[in-house]
Amino acid sequence: MEIAVLILAAFITSSISAVLGMGGGIILLGIMAIIIPEGYMVIALHGIIQLVSNISRAYVFREYLVNSVIKSFFVGSVTGLVLSTLIIIFITSSYQLDSANDLKFDFLKPMIGLFILWYLFLKGPKKQKKSSFVFVGWVGGLSSVFIGASGPLIAPFFLNDNFTKENIVANKAACQALSHIGKIPIFIYLFHVNYISQISTLLPLIISVYIGTHFGKYILGFIPEKVFRVLFKIALFLISIKLIIFN
């Protein structure tokens, strides 16, 4: 029964992400957290599922990718992932923890929610420079390991006047895929996650998110540009409230 729920959730949430460019990942993370007891395992498995979801989303929207954005994000993401590794090693050794599995970073979620609200309502309109995606990559790489779903955190930076709805969905997906790829060896080495042993859970979910992505792309074609941007901001607002109040 639990795997059936996860398969359905994976399909629906990947469709949501293909339509809105985000939102599905954090919903799926919440559902997985209810079903899977170990917090670190939730983030580890969620990362693989979202990796496939983001790669498939980037692929179906590949004609809208901007190479300079992805390259800049990659540089920052590598730095962020390395820093997150050093932080985990430092904390586990300083507090003499038996394993990195004992670490809890739930306190970061309300802070991310507040950042999203600030960016949406207080920061004011400002065109995003492509070079600043090095910083976005750093933030994405760092946060992806600790909170799992970093999409809402980096999403506001893609609200670029030069980006169409397809550009937003495609480039955000490609950038998130880079973060998810980078954290796999971290979970293998520091958290001792054996992904092969979890293949019976991962495989049906991977297939489900792939199908959901293609379904979501079909739906996106019927949504006007202005409506998409409004829905994107509404989704970000609701996610921020969840992170602050129901983290």
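Residues numbered from 1 in each chain as written. Predicted model: local features only at pLDDT ≥ 70, side-chain atom pairs only at ≥ 80, totals over all residues. Heavy atoms only, no water.

> Honestly, the nonpolar core in this entry has me stumped. Any pointers?
Nonpolar side chains in soluble globular proteins tend to end up buried together. Formed by 69 residues in total, the largest nonpolar core has its most connected members in Met 32, Ile 88, Phe 158, Phe 187, Phe 191, Tyr 195 and Phe 232. The biggest single contributor to this core is helix α3 (residues 39-60), with nine residues. (Core = buried A, V, L, I, M, F, W, Y, C linked by side-chain atoms within 4.5 Å. Buried < 20%, exposed > 50% of the residue type's maximum accessible area, 1.4 Å probe, protein only. Helix = DSSP H or I, 4+ residues; strand = E, 2+ residues; numbered from the N terminus.)

> Please explain the pattern of salt bridges as it appears in this structure.
Side chains that carry opposite charge are capable of pairing whenever their charged atoms lie near each other. Inspection of the entire model under this criterion finds one salt bridge. When the shortest N-O distance is used, the salt bridge between Arg 229 and Glu 225 registers 3.8 Å. Placement of the pair is Arg 229 and Glu 225 together in helix α10 (residues 225-245), with a separation of four residues, close to one helical turn. (Salt bridge = Lys/Arg side-chain N within 4 Å of Asp/Glu carboxyl O.)

> Which parts of the structure should I look at to understand the packing of helix α1 (residues 2-20) against helix α9 (residues 199-220)?
Angle between the axes and distance between the axes are the two parameters that describe a pair of packed helices. Running from amino to carboxyl end, α1 crosses α9 at an angle of 30 degrees, the nearest separation of the two axes being 7 Å. The two elements α1 and α9 meet at a crossing, and its hand is right-handed. (Axes fitted to C-alpha atoms, helices over the stretch in contact; angles between N-to-C directions. Left-handed = near helix turned anticlockwise from the far one by under 90°.)

> Would you mind going over the packing of aromatic side chains with me for this structure?
Geometry of an aromatic ring pair is reported as the spacing of the ring centres plus the angle between the planes. A complete count under the given rule lists 10 aromatic pairs for this structure. Taken together, a centroid distance of 5.8 Å and an interplanar angle of 35 degrees make the contact between Phe 11 and Phe 215 tilted. Highlighted residues: Phe 11 in helix α1 and Phe 215 in helix α9, separated in sequence by 204 residues. Residue classification places Phe 11 among the partly exposed positions, given a relative accessible area of 26%. On the basis of an interplanar angle of 25 degrees and a centroid distance of 6.2 Å, the ring pair of Phe 135 and Trp 138 is categorised as stacked. With a gap of three residues between them, Phe 135 and Trp 138 both fall in helix α6 (residues 133-147), about one helical turn apart. Taking relative accessible area as the criterion, Trp 138 reaches 31% and is therefore assigned partly exposed. Members of the aromatic cluster, each reached through a chain of ring pairs, are Phe 115, Trp 118, Phe 135, Trp 138 and Phe 157. Note that Lys 217 overlies the ring of Phe 61, its terminal NZ or CZ placed 5.7 Å from the centroid. (Phe/Tyr/Trp six-rings, centres within 6.5 Å; stacked < 30°, edge-to-face > 60°. Lys NZ or Arg CZ within 6 Å of the ring centre and 35° of its normal.)

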